[in-house]
Amino acid sequence: MTFDPGSLLFRKFSGCVTSWTKRFQTLFNGVVLLAAGSCSQWCQAPEQLCDFVCDCSDCSDEQDCGYNGKHFVCDFEDVGMCGWTDPSSSGTFRWERLQGADKLSDSGPSSDYTTGTATGWFMGVSAVKGESPDTAVLISPEIQQSSPTCRLRLRYFLWDSGVTGLGSVPLWATVRHNDSQQAVVWRPEASSFHGWREATIFVGRISAPFRIRVHSQRLEGRSGDVAIDQLEFLNCALPLPLPGKECPAGMLKCVRGGCVEQRQACDGSDDCGDGTDEKNCGYQLCDFEQDWCGWDNRSISNLKWIRTNQKTISTSDPLKGPGRDHSENSASGNFLYVTVPDGGLRQDWAAFQSPSLQPTNSSHPCRMVMYTHQFGPRSGGLTVLVADRAIYPVWERGGSLGDLWVKAEVEIVTNSSFQIVIMAAIRNFTYGGIAIDSIQLSPECRPSLENSSLDKLPESPKDPCTEPEKLCDFHADCDGEADEAKCGDFSYPEGSSGWTDSSIGGQGWMLHKTEAEEYLYVGEAPGQHLTEAQTRTPLLGPTGPACNMTFDFALHGNPDHIGELSVRVIDSMLGVGPKLWEYSGKTGTDKEAWQPAEILIGFRKNRFQLAFESRAVKLCPCARIKVKNIRFQSCHAQYYPSPPTGLSCNFENGLCGWYQDNDDIFDWTELEGMDHTIGVGRSLVVDMWSPSLRGMFGRLVSFPQSSGSTDRCLSFFYKLYGPNTGTLNVKLLYNDGHESVIWSRSGSDGNVWQEANCPVQHQIEDFQLVFEAVRSGFDGRVAIDDVSLLDRQCGMPRRCSFEGGLCGYTSSGSVTWLHLSGQSTSAHQPKSDHTLESSLGFYMLADTSGAALPSGAATVLTSLVRQGTAKTECLNFWYHMGGVNPGSLTVYMKPVNGQRGKVFSTSLNPGDVWRHGNGNIWSDLVDWQLEFEVIGHGGDDTHIAIDDVFLSPHPCEDRGAMCTLEEGMCSWSNKQNIQVDELDWELTSEEAEQHYPTPHGDHTLGTEKGHFLILPSSGQTAAMQRAHLLSPHLPATKGTCLNFWLYKTHPVRRQLSVWRLSNGRLNQLLELNDFGGSWKRFDVDITSTEEYQIVFEGLKGQSGVLALDDIEYTVGVNCDNKVTDAATSEDNAAGIAASVIVILLVIGTLIAVMVYYLRKKERHGLMSSSSSNAVYESYDVDLTQDQVTIPSSQNHPMEAGFNDVTVFNGFGEREVA
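Computed from a predicted structure; not experimentally measured.

### Focus: the overall build of the protein
Then, number 1: Tallying secondary structure elements over the protein gives five helices and 68 strands in all.
Then, number 2: Expressed as a percentage of its 1217 residues, the buried residues of the protein come to 57%.
Then, number 3: Within the protein, contacts between residues separated by at least 24 positions form 76% of all contacts whose residues are at least 6 apart in sequence.
Then, number 4: Taken as a whole, the protein presents about 50100 Å² of accessible surface, with 49% of it coming from carbon and sulfur.

What follows is the structure, given as structure tokens:
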């Protein structure tokens, strides 16, 4: 191998005096990696740094270059930020390295893009508020140079969280040279969207050192509302020599070393990096730096092209004109430009033409190369026409291609003198335009002294038969469906012409059309970028939920792998969307190896384009990528099919009368193997723990429902599981876009199915129902199944938290029960609810002050009617009594026909805390209602409130009975206040668990079906987070025994502590660290001189398992089985009275029912009353044979949280401030 002393390769090695060898390896992204033997000093020379070539074996010369290492990526996970800096870091508005939060906030991204979690890092701007716009600038290190194909792919975030306006230019990027010249290279549209979006900055050929600058300009905004992440530099290195080889046939050798394709020669682009490929071309180059080079700007249109540059166009608005020219890559370089004039658009086209040229032939065609910049919605497209004896088009490129210069080639063959006419179409929109630069004519384009004359003038194009918004909207508005004829549907004679090639690389889409067949195929294109071939439809839609596209495709030929083919949506408001469909490989060898495909386009509110994208491994006659028979079906925006089951759906065979809202941020997905219907079928889920999930919410929308005079009931089953489940909302959506929440549930309910019945009151206008999953973090699952909309009023729901509404409860009596939250203005009310332990949570309240509810007066809160059953059920609820002498609370079961029976009663004021009440309900097939009756006692500033009503399908258990967790969480509840603990204990089983590690079987049954409580272990949430499990309030005791079984893997940094909580103070009873591997029993003696609760506190590590099972406490009996407390009797008068009523109601029923009743009576006894503070959570064996229903995670009723804890020496006690 010999070296040319003038080559770059020789110069690189001439400074290395040691013996050396070289090896070369071409990377997948087109960048070349060199590994130098012992030339470490040479590879760190300044000219070797940050040039997209790894000269050092460890690629250390490419560290902190705005990217790191051989993959040339920056994800900002490293504190060094890949060398990016903000010179204004001490200013009020600046770029900062930020993280999301464990809980979603109102401003900024909830997670970074790279990891999709709150622990990942990104760059975002600080908050700003000023009288004039402020600018923050993020600057890369100095980069040596870049190739013509260099591009920077990144993710960006633009969100106007404060609704103050983003401004016209909240984010843009420039390139700055050492001579201080700066050129705009990227300008995303200033649209607000709470999610990460993808963009590409086309850096292009820069021959001298430069820096990339990312700017943000805001007048007012919150922290993180403008952000960037995941920067990837692609195809930025100049070509390097092939190892020990000359350039292959068909390639041109560069003086500096390396090879380029012959087609890259004489195209006005320095592909070699030393100008070799642009020398000795004989082409006539016009870069418009001095004048028009003989091109004539006269035309009959009053819209004219101008010769200008970015500095002349605008010094203040980056959205005007190309940010740089093509030939100089500079803001001061000139180009031709046309856009909407300042005085408004009177004609929508502009043209200029060449001098007269001599005739050509097929062996010596006139070849024209030019670079076009088609940016923004004003760009309607470019056409090249030939004017000889007629005027006809020979090349066209439609629409907007982005903020970049794209190469175009045209070959002209005509036997007459001719002129080349270049015509632009301009649309009357807010920004953008069309520019042309670096026009080159081949030697065959010879000037002519003849003046060409037209035999006939071309026909004027027809005016559109309707307004632009109605073109291609899948509804015929014109005669002969002319408005739908060129929209990409092959069923129309000219439908295929609706697909426009928008490729900017070396591969593009072409149309093959004969009388026998027509299809689109991928062929060689003149573009200089290494990107996929792309063809697009015109703007389509809007569309309805059933819209789909069918087509046939073929990737056929001799190679084992032909290439890739995909389809994606480009939304007019949201930009480029993810791929809807993709295929990789080959469909066969024969050219007729077609395969069918069908893609659901679905509901699209905004206008959009569809795009086929493809990349062929090799372009040759031996391999082809083709598409034909494209059809759009059921796409009209007002078309909704009539599914046989309506909105009733078990999701085993699709979505029935529901569809994904494509204007949200993520979709619900169908999950196989976890459903409520049959246990192993399908349900719809949103997995918050999925690393691919981005954004804040996902929505499932029903087909429109007609207004009516009757109430309806939406019934469904749901799961909320994990530390960060977020919120599941049910909403009503009206035609004007207005929405209202009619049901809501937050927080984890365990890995079990819950039943919900949501009243839908009669509506006076058409409406749609919406299931909305709102993300709160990164570790949880939301699921729904077995949805049905019933044409009847809902019965009393099994659970009501009052968060989404009243659940059908109504008020009667002397005062009205109020639906309030802690944010209400009244002084005498709970400051937080029980469900969320937050001022944002809701409850029902009766004002029992003497002025509102006189002594002896009553007010009643009544539920909807619930269908009777033959089994005993347990009513659970939480109540809050405030002030001195607040009155009495009594709960009744009221049969539809008959006397009501007392279930629960109290008049005690136990302090400013939420208390639990319960009692058995036994209706014996008689329909019934609940009544919460409050009687005033004439107090001052008093109240009684109700929250979290839950009807368990099992009898109330005896206080202290062992909780096996096979029928729910019994009397135990999770704390919900995130200021106290961050996690919940989760009810699950080995069989049901799909995400978190668990014990191998529970302790009770010793099988995979048995249930237990686990502390979730996942890298999606931080280590050292806590979960608190609380018992009901228990009476003072001289000796009560707590025993439980614990499973803990060993060794992991996980811990379990047991505490006694009384009067706001925590006393530690037990701490466990050093065991693991199997279930182990622990007994704890408890003594207390005052009422207390037991608290299990779990501390999460990074991994491992911590689980509880078979929890039991024996009130008044210590662990030596000795009775320590005197027995107390309970007033059972309410139970006796209720039992008498029930006996009277069942007289006269059928003998079979009586026998069933006697059997149930033998098992459960008559209805009894209990005022114990227990929460009963259980399976509903009537729902399915093997599925589970438990209530929400209940919250302990303390006034104070577990924050600001002080540990006292000498005894394990801590005080709650």
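Following the structure, the description resumes.
### Considerations on the pattern of salt bridges
Then, number 1: In this structure the tally under the stated criterion is 34 salt bridges.
Then, number 2: Two residues, Glu198 and Arg155, come together in a salt bridge whose shortest N-O distance is 3.2 Å. Of the two residues, Glu198 is situated in strand β10 (residues 193–202) and Arg155 in strand β7 (residues 151–158); the sequence distance between them amounts to 43 residues.
Then, number 3: For Arg155, a relative accessible area of 9% translates into the label buried.
Then, number 4: The salt bridge partner of Arg1026 is Glu1097, with a shortest N-O separation of 3.3 Å. Placement of Arg1026 in strand β59 (residues 1026–1030) and of Glu1097 in strand β64 (residues 1093–1099) is noted, with a sequence separation of 71 residues between them.
Then, number 5: Accessibility expressed as a relative area gives 4% for Glu1097, which makes it buried.
Then, number 6: Through salt bridges that share partners, Asp661, Arg699, Lys731, Glu739 and Glu772 make up one connected network.

### Thoughts on the pairing of strand β27 (residues 518–524)
Looking down a regular strand, the side chains alternate between one sheet face and the other.
Then, number 1: For β27, the tally of buried residues reaches six of seven residues, placing the bulk of the element in the interior.
Then, number 2: Judged from the seven bridges that link them, strand β26 (residues 507–513) and β27 form a sheet pairing that is antiparallel. Note on β27: the bridge partner recorded for His512 is Tyr519.
Then, number 3: Linking β26 to β27, which pair antiparallel, is a turn of four residues.
Then, number 4: As paired strands, β27 and strand β34 (residues 623–633) are joined by two bridges and run antiparallel to one another. For Tyr521, the partnering residue across the bridge sits in β34 and is Lys626.

### What to know about the pairing of strand β8 (residues 172–177)
Then, number 1: Summarising burial for β8: five of the six residues are buried, a large majority.
Then, number 2: As judged from the six bridges shared by β8 and strand β11 (residues 210–221), these two strands associate in the antiparallel manner. Note on β11: the bridge partner recorded for Val175 is Ile212.
Then, number 3: The sheet contact formed by β8 and strand β9 (residues 182–186) spans four bridges and is antiparallel. Within β9, the position partnered with Thr174 by the bridge is Val184.
Then, number 4: What sits between β8 and β9 in their antiparallel hairpin is a turn of four residues, with Ser180 showing a positive phi close to 75°.

### Some remarks on unusual backbone geometry
Then, number 1: Here the amide bond leading from Gly541 into Pro542 is cis, since omega sits at 5°, within 30 degrees of zero.
Then, number 2: Among the structural elements, Pro542 can be located in the loop between β28 (533–536) and β29 (548–557).
Then, number 3: The backbone phi angle of Asp1110 is positive, close to 50°, even though this residue is not glycine.
Then, number 4: For Asp1110, the position within the fold is in strand β65 (residues 1106–1114).

### Topic: the environment of Trp42
Then, number 1: You can see Trp42 is positioned in helix α2 (residues 40–43).
Then, number 2: Given the relative accessible area of 11%, Trp42 is considered buried.
Then, number 3: The spacing of Trp42 and Cys56 is 14 residues in sequence and 8.6 Å in space, taken between C-alpha atoms.

### Concerning the sheet that holds strand β46 (residues 810–813)
Pairing between sheet strands relies on hydrogen bonds along the backbone, with the strands arranged either parallel or antiparallel.
Then, number 1: Taken together, five strands build an open sheet; the order of strands is β46-β49-β54-β51-β52 and the sheet is antiparallel. The two strands at the open ends of the sheet, each matched to only one other strand, are β46 and β52 (901–906). In this sheet, neighbouring strand axes are inclined to one another by 20° on average, regardless of whether the strands run parallel or antiparallel.

Basis of the calculations
Residues numbered from 1 in each chain as written. Predicted model: local features only at pLDDT ≥ 70, side-chain atom pairs only at ≥ 80, totals over all residues. Heavy atoms only, no water. Helix = DSSP H or I, 4+ residues; strand = E, 2+ residues; numbered from the N terminus. Buried < 20%, exposed > 50% of the residue type's maximum accessible area, 1.4 Å probe, protein only. Contact = heavy atoms within 4.5 Å. Areas by Shrake-Rupley, 256 points an atom, 1.4 Å probe, with all protein chains shown as cover. Salt bridge = Lys/Arg side-chain N within 4 Å of Asp/Glu carboxyl O. Pairing = 2+ DSSP bridges. Axes fitted to C-alpha atoms, helices over the stretch in contact; angles between N-to-C directions.

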